[in-house]
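One-letter residues, chain by chain:
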Amino acid sequence: MATSLLSQLRQAHPLVVNYANFVTPGFVANGLNALGASPIMTSAADEATDLMAVADALVINLGTINESDKELVLTLADAAAANNRPIVLDPVAVGATAYRMRWARQLLADYAISVIRGNASEIAALSGAAANAKGIDAGETAEDPAIIAAHCATQYDCTVVLSGATDIVATPGRVVKVTGGSELLPAVVGSGDLLSSFIAAFSAVAPDLQTAAIAACSVMDAAAEFAAEDLNQRQPGTFAAVLMDALTALTPERVATIIDTVEEFHD
Ligand SMILES: Nc1ncnc2c1ncn2[C@@H]1O[C@H](COP(=O)(O)OP(=O)(O)O)[C@@H](O)[C@H]1O
Ligand SMILES: Cc1ncsc1CCOP(=O)(O)O
Ligand SMILES: [Mg+2]
């Protein structure tokens, strides 16, 4: 499925609007571009409605959220809802401060968020499970990440992607695990942000959000494996650049090698 979705994505060239953090927007824009989607970042509330009228999906990344962007974020989310466009929420470091948690919970209460994509500690924090991270990194969780993701999906009635060495894609009643990629991926700040944007891009062509999320995880893993082939574990800087080349060169056949490692569970 992810193999043909990659071809469909490149043909459709979906426009992904990103309310990005100020750390990684260049990496995310280049990654979306290399994948075959069309990225646009915005920081003006005055254009939010016009942008979402032509967009295929919206990503709200809480990495550097602040009060002066409130009108922008809410106008984007209102316009996504009005145009029936999916919203992907990336709750960066949501367990680190009460402020980030308030933003995340408010958005989840007021909008039909389609997908939440975070690392283990972010998804654990959102679903009230124990986790030990202080910042943007994953840290340890006490519970099985698949159970945490499944609870979070039920709690917020949406698709949840808990990323890590194994990515867990949960919708209420269904959990899928995607394994692969490279240990160099978490060494690059912005790889999680990019995965969130890939999910938004695939949501424009996939039959449902779970399929979109599985495709995004599979494509990221395939590109990372391809990029890491000639590198060693101490080259995250080179890897970030080569990942862009690998995304551009990615073929559906290459993605098919990852699809073999998708496992499915039902509760
Ligand atoms: N140990 C790992 N081995 C392989 N891939 C990983 C590992 N940890 C994370 N990833 C991948 O890195 C990307 C970013 O995930 P993650 O590091 O969990 O997000 P974040 O950057 O938001 O903390 C995802 O594509 C995920 O599959
Ligand atoms: C370092 C940092 N600080 C706020 S947002 C951000 C980037 C987070 O990127 P990612 O979660 O994709 O590694
Ligand atoms: Mg992150």
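Residues numbered from 1 in each chain as written. Chains lettered and ligands numbered in written order. Predicted model: local features only at pLDDT ≥ 70, side-chain atom pairs only at ≥ 80, totals over all residues. Heavy atoms only, no water.

As recorded in an unreviewed UniProt entry, the protein chain goes by the name Hydroxyethylthiazole kinase, listed as coming from Lacticaseibacillus pabuli. Word for word, the UniProt comment on the protein chain under Function (unreviewed entry) is "Catalyzes the phosphorylation of the hydroxyl group of 4-methyl-5-beta-hydroxyethylthiazole (THZ)." Taken directly from UniProt, the Cofactor (unreviewed entry) text for the protein chain runs: "Mg(2+)". (UniProt positions renumbered as here; feature names shortened; annotations may be inferred.)

It is worth spelling out unusual backbone geometry at this point. The backbone of asparagine 84 shows a phi angle near 60°, a positive value even though the residue is not glycine. Looking at the element boundaries, asparagine 84 is found in the loop between helix 4 (70–82) and strand 4 (87–90). By relative accessible area, which is 67% here, asparagine 84 ends up exposed. Of note in the backbone geometry, alanine 93 takes a positive phi value of approximately 50° without being a glycine. By the secondary structure assignment, alanine 93 is in the loop between strand 4 and helix 5 (98–110). Classification of alanine 93 as buried rests on a relative accessible area of 6%. (Helix = DSSP H or I, 4+ residues; strand = E, 2+ residues; numbered from the N terminus. Buried < 20%, exposed > 50% of the residue type's maximum accessible area, 1.4 Å probe, protein only.)

Moving on, we come to the UniProt feature "binding site: substrate" (unreviewed entry) in the protein chain. The feature "binding site: substrate" (unreviewed entry), as given by UniProt, occupies Met41 and Gly190 in the numbering adopted here. Counting through the fold element by element, methionine 41 comes out in strand 2 (residues 38–41). Filtering out sequence-adjacent residues up to four positions away, methionine 41 remains in contact with Asn18, Ala20, Pro25, Val28 and Ala29. Topologically, glycine 190 is positioned in the loop between strand 8 (174–179) and helix 8 (191–203). Judged by its relative accessible area of 9%, glycine 190 is buried. Here glycine 190 is in contact with Thr24, Phe27 and Val28, once residues within four sequence places are set aside. (Contact = heavy atoms within 4.5 Å.)

All right, on to the site of ligand 2 then. Every residue lining ligand 2 is accounted for by Asn21, Val23, Gly63, Thr64, Ile136, Val189, Gly190, Ser191, Gly192 and Asp193. Glycine 192 is positioned with one of its backbone polar atoms (N or O) 3.1 Å from an oxygen atom of ligand 2. Within the backbone of aspartate 193, an N or O atom sits 2.8 Å from an oxygen atom of ligand 2. For ligand 2, the accessible surface in isolation is 380 Å², of which the surrounding protein chains cover 81%. Here the shell around ligand 2 is composed, by residue class, of 3 nonpolar, 6 polar and 1 charged. (Near = heavy atom within 4 Å. Polar contact = N/O pair within 3.5 Å; in protein donor to acceptor, adjacent residues only side chain to side chain. Areas by Shrake-Rupley, 256 points an atom, 1.4 Å probe, with all protein chains shown as cover. Nonpolar A, V, L, I, M, F, W, Y, C, P; charged D, E, K, R; others polar.)

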